[in-house]
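# Inside the fold
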Amino acid sequence: MDSSQKHFLSVKDFSVSGEVFELYKDENLDMLITTPQPKGEDLNRYYESEDYISHTDGKRTFFEKIYQFIKNIALDRKVKLINSLAKQKGNLLDIGAGTGDFLLRAKNDGWNITGVEPSSKAKEIATQKGLSLFDESTGIKSGTFDIITMWHVLEHVPDLDFQIKELKRLLKPNGHIIIAVPNFNSYDAEHYGAFWAAYDVPRHLWHFSKTAIEKLFAKESFQLVLILPMQFDAYYVSLLSEKYKTGKMNFIRAFFTGLQSNSKAKRNTEYSSHIYVIKNA
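Description of the structure in this document. (Residues numbered from 1 in each chain as written. Predicted model: local features only at pLDDT ≥ 70, side-chain atom pairs only at ≥ 80, totals over all residues. Heavy atoms only, no water.)

## A few points about the overall build of the protein
Per the secondary structure count, the protein includes nine helices and 10 strands. Taken over C-alpha atoms, the radius of gyration comes to 18 Å for the protein, in line with the 19 Å a tight globule of 281 residues would show. In terms of overall dimensions, the protein has C-alpha extents of about 45 × 45 × 40 Å along its principal axes. By the burial criterion, 52% of the 281 residues in the protein qualify as buried. When contacts within the protein are restricted to residue pairs at least 6 apart in sequence, those whose partners lie at least 24 apart make up 70%. If you sum the accessible surface of the protein, you get close to 13,400 Å²; carbon and sulfur atoms cover 52% of it. Across the protein, the centroid of the 36 positively charged side chains sits 6 Å from that of the 35 negatively charged ones. (Helix = DSSP H or I, 4+ residues; strand = E, 2+ residues; numbered from the N terminus. Rg over C-alpha atoms; globule rule 2.2 N^0.38 Å. Buried < 20%, exposed > 50% of the residue type's maximum accessible area, 1.4 Å probe, protein only. Contact = heavy atoms within 4.5 Å. Areas by Shrake-Rupley, 256 points an atom, 1.4 Å probe, with all protein chains shown as cover. Lys, Arg positive; Asp, Glu negative; His and termini not counted. Charge placed at Lys NZ, Arg CZ, Asp CG, Glu CD.)

## A few points about the packing of aromatic side chains
The tally for this structure, following the rule as stated, stands at nine aromatic pairs. Relative to tyrosine 244, the ring of phenylalanine 14 has its centre 4.6 Å away and its plane inclined at 10°; by these criteria the two rings are stacked. Here tyrosine 244 lies in helix α8 (residues 231-246) and phenylalanine 14 lies in the loop between β1 (5-12) and β2 (20-26), a separation of 230 residues in the sequence. Taking the relative accessible area as the measure of exposure, phenylalanine 14 reaches 28% and is therefore partly exposed. Aromatic pair phenylalanine 217 and phenylalanine 222: ring centres 5.7 Å apart, planes at 65°, arrangement edge-to-face. Classification of phenylalanine 222 as buried rests on a relative accessible area of 6%. An aromatic cluster of three or more residues is present, and its members are Phe14, Phe195 and Tyr244. Against the face of phenylalanine 222 rests lysine 168, its NZ or CZ located 4.7 Å from the ring centre. (Phe/Tyr/Trp six-rings, centres within 6.5 Å; stacked < 30°, edge-to-face > 60°. Lys NZ or Arg CZ within 6 Å of the ring centre and 35° of its normal.)

## Looking at the layout of surface pockets
As a volume, the second largest pocket reaches approximately 230 Å³. Leu85, Ala86, Lys87, Asp146 and Asn174 are the residues nearest the centre of the second largest pocket, which is lined by 13 residues in total. Of all the secondary-structure elements, those providing two or more residues to the lining of the second largest pocket are β6 (145-151) and β7 (171-182). A breakdown of the residues in the lining of the second largest pocket according to their chemical character gives four nonpolar, five polar and four charged. (1 Å grid on protein atoms, 1.4 Å probe; cavity = no way out; pocket = protein on both sides within 12 Å on 5 of 7 lines; lining within 4 Å. Points joined across faces, edges and corners; volume = space filled by probe spheres on them. Nonpolar A, V, L, I, M, F, W, Y, C, P; charged D, E, K, R; others polar.)

The values are spatial; any link to function lies outside them.
Set out below in structure tokens:
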């Protein structure tokens, strides 16, 4: 353990294994690190759950219906964002494409799309929608993409340094990366502590702050140009956190916690999740 890393919190895997993992804080980066970090096939087993909603199009429960409804609104906002960054619609790569809904929405809007998704379960659903996704990005030609997106994916990546170098390789000069990740400095993270659903150990290997994102990408001469809030996340994460903490969804309590988190974030700019727009040099 690096001397700059201090124990921060013990957190349980509520959704799959019930195991407890430790979070250590890298003081230099202002980033939390899940410890131990499962590798390879051992890591894959922590995704083997019908409740891992981003790998399904599930609408079995009221909670899943809410998730899918909000996801549909978010898709429109994501396409609007990528359109605002490009003078013309070009080549888009989505890493961690899941079941492919964002790529389909972008394709229908005129983008040339490519997707990467390691989950065979999610990829099978995407195939049924007419998409063909790569297992990994390493075989894709360098300097191909105007925009690369990673929507709540960077926290899952085993090798951060390699992933950021790979983004540099794939992106065109003056192209943009869009990264969406949870923010452990938010009010809802503080409020729920070890029950905060966005820790999601051990699937989330890293837990970022604004400082961490800026410093990590600066190593490859990227420039952080814009930070946007994801206000829906405060409500969604609070709802799931209530379930972990009390065994029930507690919709009203979760709503007011999410509302309070967004209210505080208007003053201190620490939202439950952020979207980072990062430009290539």
